[in-house]
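Residues per chain, in single letters:
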Amino acid sequence: MDTVTDQICLAIRQRILEGGFRGGDFLKQQMIADELGTSPAPVQMALSRLAADGWVENIPHRGARVIEWTREDSHEVFEIRALLEAYAARRAAVRIRATQLTRLRAIVEQEFTLLQRASPPHDWLSDLNLEFHQTIMAAAGSRRLQRSLETVMHGAISARSTYGLDHPVMANAIDEHARIIEALANADGESAADLMQVHILSVARGQCEEGV
């Protein structure tokens, strides 16, 4: 069961994603505690966790401030990911373990199941999407590549990059996940790389359409 701190983190993340808390806003512990009907202590813990995850930054003597996130930031993240993750997929195709393939398939099954809901839970889908890409990154077997990708695949960055995608875009993204898995299972590095690049750029286009 989620703790009070988990619930507060979820509530603040959702408010940020929906624009209730905007980039540059300072988050007041007592105000949030009053709104959520809790004490300031778990709010403080939640803000510390959100700072570690890249949602807010702690400003000395002022508190937690929501980190700015622009459309340009998102474009840059997708472009970098398309390059690096295509390379990761190519490496992973000849290195991936059976247990990793099994987990990737389980992730896609969960994604398809969640997408059938009337209101698919973005937070859960975002976490599964992040795990999918992190699993392939780990299978690539390069610590340098992993460190480079971790800077553009942080939890907050992943969630903010995929929030608001409509149902057809999400469904297509999950179909692409499935095709990437099959290329990896067949040790087809070139196809895995091409599919990964197409996948990331198609999600980027879907986000642009949502922003129009």
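One can find the structure itself at the top, above this paragraph.
About the criteria used
Residues numbered from 1 in each chain as written. Predicted model: local features only at pLDDT ≥ 70, side-chain atom pairs only at ≥ 80, totals over all residues. Heavy atoms only, no water. Helix = DSSP H or I, 4+ residues; strand = E, 2+ residues; numbered from the N terminus. Rg over C-alpha atoms; globule rule 2.2 N^0.38 Å. Buried < 20%, exposed > 50% of the residue type's maximum accessible area, 1.4 Å probe, protein only. 1 Å grid on protein atoms, 1.4 Å probe; cavity = no way out; pocket = protein on both sides within 12 Å on 5 of 7 lines; lining within 4 Å. Points joined across faces, edges and corners; volume = space filled by probe spheres on them. Nonpolar A, V, L, I, M, F, W, Y, C, P; charged D, E, K, R; others polar. Pairing = 2+ DSSP bridges. Axes fitted to C-alpha atoms, helices over the stretch in contact; angles between N-to-C directions. Parallel < 35°, antiparallel > 145°, perpendicular 65-115°, else oblique. Left-handed = near helix turned anticlockwise from the far one by under 90°. Contact = heavy atoms within 4.5 Å.

Peer 1: Tell me about the overall build of the protein, and name the residues and values.
Peer 2: When you go through the protein residue by residue, the secondary structure sums to ten helices and three strands. Along the protein, helices and strands appear, N-terminal first, in the series α-β-α-α-β-β-α-α-α-α-α-α-α. Here the protein has a C-alpha radius of gyration of 18 Å; the compact-globule value for 212 residues is 17 Å, and the two agree. If you line up the protein on its principal axes, its C-alpha atoms span 55 × 40 × 35 Å. By residue count, 42% of the 212 residues in the protein fall in the buried class.

Peer 1: Residue-level account of the layout of surface pockets, with values.
Peer 2: Where empty space is left in the structure can be found by rolling a water-sized probe over the atoms. In this structure, the second largest pocket encloses a volume near 210 Å³. Along its surface, the second largest pocket is lined by 14 residues, and Arg13, Asp53, Trp55, Asp123 and Asp127 are the ones closest to its centre. Within the residue set of the lining of the second largest pocket, elements represented by two or more residues are helix H1 (4–18), helix H6 (122–140) and helix H8 (155–162). Split into classes, the residues belonging to the lining of the second largest pocket amount to five nonpolar, three polar and six charged.

Peer 1: Got a sec to walk through the sheet that holds strand E1 (residues 26–27)? Specific residues and values, please.
Peer 2: The three strands lie next to each other as E1-E3-E2, forming an open sheet whose pairing is antiparallel. Two strands bound the open sheet, and with one partner strand each, they are E1 and strand E2 (56–59). In this sheet, strand E3 (residues 63–66) lies alongside E2 in antiparallel orientation, the contact comprising four bridges. Note that in E3 the partner of Ile59 across the bridge is Gly63.

Peer 1: Please set out the packing of helix H4 (residues 71–92) against H6 residue by residue, giving values where relevant.
Peer 2: It is the contact of H4 with H6, at a shortest axis distance of 7 Å, that shows an interaxial angle of 55°. Judged by the angle between their axes, H4 and H6 are oblique. Seen along the crossing, H4 lies across H6 with a hand that is left-handed. Each of Arg81, Glu85, Ala88, Ala89, Arg91 and Ala92 in H4 lies in contact with H6, whose residues at this interface are His133, Ile136, Ala139 and Ala140. The residue inventory of the contact of H4 with H6, partitioned by class, reads six nonpolar, one polar and three charged.

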